[in-house]
Amino acid sequence: MPSNETPPIVRRTDYTPPSFLIDSVSLEFDLAPEQTTVRNTIRVRRNPEAVREGSLELVGEKLTFISAVADGAPADVVVGEGSLTVKDVPDSVELTLTGVCAPSANTTMMGLYVSRGNFFTQCEAEGFRRITWFLDRPDVMSTYTVTLRADKVAYPVLLSNGNLVDQGELADGRHYAKWEDPFRKPAYLFALVAGKLEALEERVRTSSGAEKLLQVWVEPNDLNKTRHAMDSLIQSIRWDETRFGLELDLDRFMIVAVSDFNMGAMENKGLNIFNTKFILANAETASDVDYANIQAIVGHEYFHNWTGNRVTCRDWFQLSLKEGLTVFRDQEFTAAMMGGDENAAARAIKRIEDVRVLRQMQFGEDSGPMAHPIRPESYAEISNFYTATVYRKGAEVVRMYQTLLGRDGFRKGMDLYFQRHDGSAATCDDFRAAMADANGRDFSQFERWYSQAGTPRVTVTTRYDAAAQRYSVTLTQSYGHASATARPTQMGPLHIPFAIGLLGPLGVDMRLRLEGESAARETTRVLELTETQQTFTFVDVTAKPLPSLLRNFSAPVIVEYDYSVDELAVLLAHDSDPFNRWEAGQCLATRELLSLAARAAASQHLEANDALISSYRRVLTDATLSPGFRELMLVLPTETYLAELMTDADPAAVHAARQFLRKQLATALKEEWLATYEDNLTPGAYEPTPNASGRRGLKNLSLSYLAELDDPADAVRLASAQYRGANNMTDRSAALVALLNASASAGLDFGEHALDDFYGRFEGDPLVVDKWFAFQAMQRGTSQRPTVEIVRALMSHPAFNIRNPNRVRALIFSFCGANPAQFHAADGSGYAFWAEQVVALDALNPQVAARLARMLERWRAYMPSLREPMRKALTAVAEQVKSRDVVEIIHKALA
Ligand code: B3K
Ligand code: ZN
């Protein structure tokens, strides 16, 4: 499509049920890399509940037509660019359509493709149409029988969804396997894998006593990196049984790892396909973050078996029905694994991490040109709507039901949801209705969370009447800061659960009694804000309290309340809600950093803030707090997050401010960082437990602060020893990064030596080589050697490969998305690099290209001197790109 044309738009309100249904599908594959023949036999019948249509239009892309047969006779079909139309279809017919696709030429990684000599598929959202002609929409659900035929030596393993029902030898060194999936599913959950793979196997019994076979398939060399994924799978199975009463339904559950993959993983029925990054781990090659990601994503895909597969989405606008819900479920799973379901402090660590990601990724999205409600109203390319909004804000919306109903009420809602919709394709309204009906609640106002884009704001004012011992809290909701595109309509107030606590004079929680209640109850109350403005009055309040607002981040909103610095310090030291302790610290640091950034922008002198340093000292030395929690408290807000908060974002000033404060904290607390480093060593064998990883996190944070000192001798000594002696990737990579930073500020080259050593040790391990690229892309360049030059040089490194999405993310995305100070260099060099890469990727892999394209969509939020070069880069890209994916993003950005 020429990029000056607007791509056609699909609208939510245009949904109509399919005129035909497909009850069963039988697929026969003759697998060969250049040309794979697919024979597709479908049993079609007219849908009695839809508008009658004479002909049947199937979609198909990049397919070569061979033949069409209807009920045994040649069929009258019209084959077009993206479709195949069957004329005069009777009420029921069996069609056999044969076509050819070209897996090895497929660089999009949608449909059937080849990675490192093996075959894989990716069908969500609209990839099945690149395999065969079909009604490729999620409300058409069918049972599948799949026969795979291939050369036995090159492709000894042949996998598809469901149960293996037959296998055997064929002539010419070929063999076959036949799979049957007993569960009806939409085409996007179809998968096949063929190649040289081996599996770690385990047999488990589920709650009903049934025995299940679990397999993690990888390339033979990687078998020693599958244990953690298998353990995570077993934990997921157990957790879903206990928390939601949901059991594994198939006899066999397979996970397969692939090196070339557009995203993290895919929940194909019984045959999850994963990016190797989220499966392979051992102590030497994977960090604590990798271990945690693997556990969370294995959980996420497994949980989709119920929320996504057993109950799927009626249309793609309902995507958050499965994604928001499944993210919520994986968040709850991880929280439980962090410290048991009842350990609030351990759970808070997970909550803080999730909110940090939400604010950094989703809030920005929600105020930019791609802003959309969790249930979007329209799209040109659905792949562009696998967003932080649909996933993460979607999860927050699901969490609000639980906050309003309690865990038991939420479970009742889930039970009713499955009772009503198991085996079918549902909508977000169906889910909301199940939650409401199971609990006798009216959630009609709650619908606005699904239809309103933008981040709501809740402004808080308080009034204490000492004589009457009354404390009133007035909450006002608005969409004050959303951009015009973020809110096409103002739909009226949202239903917001607003959790609040009141701290008494010594920082101790008060028991709360609202006006009209007979007695005081618990110390945290969930207020239900349903009007634009509401006042809640607490009685028997014997002293002026300090409010702790939106505890545990009970709704995805921005809270505005005029805390004094002293009040924030009290909350940071005493709030019983661990989330809000962290929040108070972040608030203090954010205020300080924004004021430093303003001074830096005006070339004014920067000065340290003693109060902030004292607060940090108290946290750092507070042995009652877990190391993991202290680490989170002491990480400054990211440059990206800070830039979001500025009216005209100035990445250079933000970087200067944050670096200044890091150096101040490093200098003022040097002895404490050194002591903390020594106190948190984790001798002995590597363990990826929350406790050990928390200790490593705090120790390595200490090291990173020490590397900021003017004299980094201590950091260099500790980091060198740690690098050499490390028995795990977390410690080795943290030491490497500390050496890079220390050597950059000292103008020395020992960082380079460490990088060379790292590459030499790990060059045979693609996932670690990705880290090696990423460290360099994220490093702080100097004026002699800006990072963009390092990145450009690395593009010609023999290990770089633009066709591998992991490598592209490691080098190009890390630079453009995670190194703001260098990417936004005043000379526009970062933007020029970005434009070149978007254009190059557009021709190879539109999905990856579109993700990169999004990194400039918020150009209007930047300071004028950056806006112009950004706009130029966008305009240059607009003239050259062709894919619907990238065209949609660039059009919206420039609109
Ligand atoms: N459902 C898949 C995402 C598919 C993305 C397609 N562009 C992974 C997940 O969310 O679990
Ligand atoms: Zn998902």
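Residues numbered from 1 in each chain as written. Chains lettered and ligands numbered in written order. Predicted model: local features only at pLDDT ≥ 70, side-chain atom pairs only at ≥ 80, totals over all residues. Heavy atoms only, no water.

If you look the protein up in an unreviewed UniProt entry, it shows as Aminopeptidase N from Paraburkholderia caribensis. Turning to the protein, the UniProt annotation filed under Catalytic activity (unreviewed entry) states: "Release of an N-terminal amino acid, Xaa-|-Yaa- from a peptide, amide or arylamide. Xaa is preferably Ala, but may be most amino acids including Pro (slow action). When a terminal hydrophobic residue is followed by a prolyl residue, the two may be released as an intact Xaa-Pro dipeptide." Reading the Sequence similarities (unreviewed entry) entry of the UniProt record for the protein gives the comment "Belongs to the peptidase M1 family." (UniProt positions renumbered as here; feature names shortened; annotations may be inferred.)

Draft legend 1. Representation of the coordination of the zinc ion (ligand 2) within the structure. Every protein donor of the zinc ion (ligand 2) is accounted for by H300 (NE2), H304 (NE2) and E323 (OE), and the metal-donor separations fall at 1.9 to 2.1 Å. With relative accessibility at 0%, the residue H304 sits in the buried group. Judged by its relative accessible area of 1%, E323 is buried. (Donors = N, O, S within 2.8 Å, 3.2 Å for Na, K, Ca; no water. Buried < 20%, exposed > 50% of the residue type's maximum accessible area, 1.4 Å probe, protein only.)

Draft legend 2. Local environment of the side chain of T108. With respect to the helices and strands, the residue T108 is situated in the loop between β9 (92–101) and β10 (111–115). Beyond its immediate stretch of four places on either side in the chain, T108 contacts R130, N262, L844, N845 and P846. (Helix = DSSP H or I, 4+ residues; strand = E, 2+ residues; numbered from the N terminus. Contact = heavy atoms within 4.5 Å.)

Draft legend 3. Here's a closer look at the UniProt feature "domain: Peptidase M1 alanyl aminopeptidase C-terminal" (unreviewed entry) in the protein. Under the UniProt annotation, the feature "domain: Peptidase M1 alanyl aminopeptidase C-terminal" (unreviewed entry) is placed at residues 566–895. For residues 566–895, the end-to-end C-alpha separation is 45 Å, with 72% helix and 0% strand making up the annotated structure.

Draft legend 4. Inspection of helix α25 (residues 864–880) at higher detail. The terminal C-alpha atoms of α25, which comprises 17 residues, lie 25 Å apart, in line with the 24 Å expected from a rise of 1.5 Å per residue. Every buried residue belonging to α25 is among L866, M870, A873, L874, V877 and A878, and all of these are buried. Within α25, the buried residues cover an arc of 140° as seen down the axis, which keeps them to one side. Seen from the open side of α25, the exposed residues pointing more than 90 degrees away from its buried face are P864, K872 and E879. Tucked inside the fold, the buried residues of α25 contact α13 (651–668), α23 (829–844) and α26 (884–894). (Expected span 1.5 Å × (residues − 1). Arc of directions from axis to C-beta.)

Draft legend 5. Helix α15 (residues 690–706), seen in detail. Between its first and last C-alpha, α15 extends 24 Å over 17 residues, near the 24 Å set by a 1.5 Å rise per residue. In terms of burial, α15 is largely enclosed, as 13 of its 17 residues are buried.

Draft legend 6. Spotlight on the site of ligand 1. Around ligand 1, the surrounding shell holds 13 residues, and the nearest of these are E124, A265, E267, E301 and Y391. Take E267: an N or O atom from its side chain is 2.7 Å from a nitrogen atom of ligand 1. One nitrogen or oxygen atom from the side chain of K322 is found 3.4 Å from a nitrogen atom belonging to ligand 1. A total of 330 Å² of accessible area belongs to ligand 1 in isolation, and the protein chains cover 94% of it. Listing elements by their share of the shell around ligand 1, those giving two or more residues are β20 (265–266), α2 (288–303) and α3 (319–339). No fewer than three residues from each of domain 2 (197–305) and domain 3 (316–451) sit in the shell around ligand 1. (Near = heavy atom within 4 Å. Polar contact = N/O pair within 3.5 Å; in protein donor to acceptor, adjacent residues only side chain to side chain. Areas by Shrake-Rupley, 256 points an atom, 1.4 Å probe, with all protein chains shown as cover. Domains from an automatic or database assignment.)

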